[in-house]
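Listed below, chain by chain, are the residues.
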Amino acid sequence: MQQTEFLNVVLPFKDKLYRLAKRLLVSKEEAEDATQEILMKLWSKKKMITGYNNVEAYAMMMTKNFCLDRLKSKQAGNLKLVHSNYKDENVSLQNQLEVSDSLSWIEKIMEELPQQQKMVLQLRDVEQYEFEEIAELLGMSATAVRVALSRARKTVREKLVQKHNYGIQ
Amino acid sequence: MEFNNIEKLLERYFEATTTVAEEEMLREYFLREDIPLHLKRHAPMFQYFSVAKEERFTKQVPLKPRKKSYIKWISIAAVSVLVFGIYFGRNYQEQREAEYAYQETRKALSLLATNLGRGTEKVAYLREFEETKQKIYNRN
């Protein structure tokens, strides 16, 4: 497999890998490093890739595992994640919508969710994956995915309402 | 239009029983400007998802075309050549040392032999002398 061919395979989903990594690792730099790592791993396994019919699912799985490992070793090393980049992305769109505060709130609310719910919400509401795909990716049953998703959505709704009320008072 | 419809969809959305297509409808609906007040509090959530999906991975990934494996094989070859070289080199060295020792021993032995030969010559003279002496004694 040549470099251009590889890029054509990887290009459609590399942003998804990055967004999942960023959701889990929070920091932009960490997510970039993780994505780069995953793409390089894929490149080194490019002979195997041709055998997979769903490279995207495989890559997403790799990203998930990689990020969870990262987080685990971080906790063990007692290091805190640095995240100071909430508002730098998509400034124009946020201004256009005039709800920039609410949007960064949601990002923070999602950060506070349990890891599993975080991933389910990311995969479903941002990436629009089907329940079966999410179930396979996360090693859960489709019903469990549904329950986790419902909980995550409700938590976001409640916290958002809370924050709105505080804002008013 | 579809307040009721949207409300129903929202309800099912929070129970996670909507399909991807229905969620797409919700997302599109909440991107609009004219959302009724009682639904407005849900808007940021859906807007956030749309915004979050726009995020891109822009870093360049350095992909090295195969060089790595070449280097690996070359290093393996080099190491094996080195190991064989040392092994056979040592063998050769040992052989040469043994030959040298053999030559030296031979030299030493031949030296001994010549000296011994000279010694026996002298003894031959001595015997001659002895015989002559005996002859003289016998005559007397």
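One can find the structure itself at the top, above this paragraph.
One structure accompanies this document, and this report is about it. Within each chain, residue numbers correspond to sequence positions counted from 1 in written order. Here the convention is simple: chains get letters from A, ligands get numbers from 1, in the order in which they are written. Totals for whole chains, interfaces and linings use every residue, but because this is a predicted model, local features are given only for residues with pLDDT of at least 70 and side-chain atom pairs only at 80 or more, for both listing and counting. Side-chain descriptors were evaluated using all non-hydrogen atoms of the structure, hydrogens and water having been removed beforehand.

1. Observations concerning the environment of B:His38
As a reminder of what qualifies: Under the DSSP-based scheme used, a helix requires at least four consecutive residues in state H or I and a strand at least two consecutive residues in state E, with every element numbered from the N terminus. Whenever a nitrogen or oxygen atom comes within 3.5 Å of another N or O atom, the pair is scored as a polar contact, on the condition that within protein one atom can donate a hydrogen and the other can accept it, and that pairs from neighbouring residues in sequence are kept only if both atoms are in side chains.
Position of B:His38 among the secondary structure elements: in helix α3 (residues 37–40). At 2.6 Å, the side chain of B:His38 and the side chain of B:Glu7 are in polar contact.

2. Quick word on the nonpolar core
How we decide: Here the nonpolar core consists of buried residues drawn from Ala, Val, Leu, Ile, Met, Phe, Trp, Tyr and Cys, with membership extended through side-chain atoms lying within 4.5 Å. Exposed residues in this analysis have more than 50% of their type's maximum accessible area, buried residues have under 20%, and partly exposed residues fall in between, with area computed by a 1.4 Å probe over protein chains only. The contact criterion used is simple: two residues touch if any of their non-hydrogen atoms lie within 4.5 Å.
Core analysis: the largest hydrophobic core is formed by 68 residues, its most contacted members being A:Leu42 and B:Phe30. Considering every element that reaches this core, the biggest residue donor is helix α5 (residues 55–76) of chain A, with eight residues. Ignoring anything within four residues of it in the chain, the contact list for A:Leu42 reads A:Phe6, A:Val10, A:Phe13, A:Ile49, A:Tyr58, A:Ala59 and A:Met62.

3. A word on helix α9 (residues 131–138) of chain A
Residues and elements named next belong to chain A. Applied cut-off: Comment: arc refers to directions from the helix axis out to C-beta atoms.
Restricting attention to buried positions, one finds in α9 the residues Phe131, Ile134, Ala135, Leu137 and Leu138. Along the long axis of α9, the arc covered by the buried residues comes to 165°, so they all point the same way. Residues of α9 that are exposed and angled more than 90 degrees away from the buried face: Glu132 and Glu136. Gly139 sits one or two positions beyond α9 and adopts a positive phi of about 65°.

4. Looking at the interface of chain B and chain A
Inclusion rule: Note: buried area is the sum, over both parts, of the accessible area (probe 1.4 Å) each one loses when the two are combined. The working definition used for a salt bridge is a side-chain nitrogen of Lys or Arg within 4 Å of a carboxyl oxygen of Asp or Glu.
Facing the 33 residues of chain B at the interface are 45 residues of chain A. Summing the contributions of chain B and of chain A, the shared interface buries around 3,800 Å²; its carbon and sulfur component is 59%. When residues of chain B are sorted by the area they lose upon contact with chain A, B:Tyr48, B:Phe57 and B:Leu63 head the list and together hold 20% of the total. Where chain B meets chain A, there are six salt bridges. Of the charged contacts, one joins A:Arg124 and B:Glu23 as a salt bridge, the two residues approaching to 2.9 Å between their closest N and O atoms. Across the contact surface, chain B and chain A share 18 residue pairs in polar contact (both at pLDDT 80 or more).

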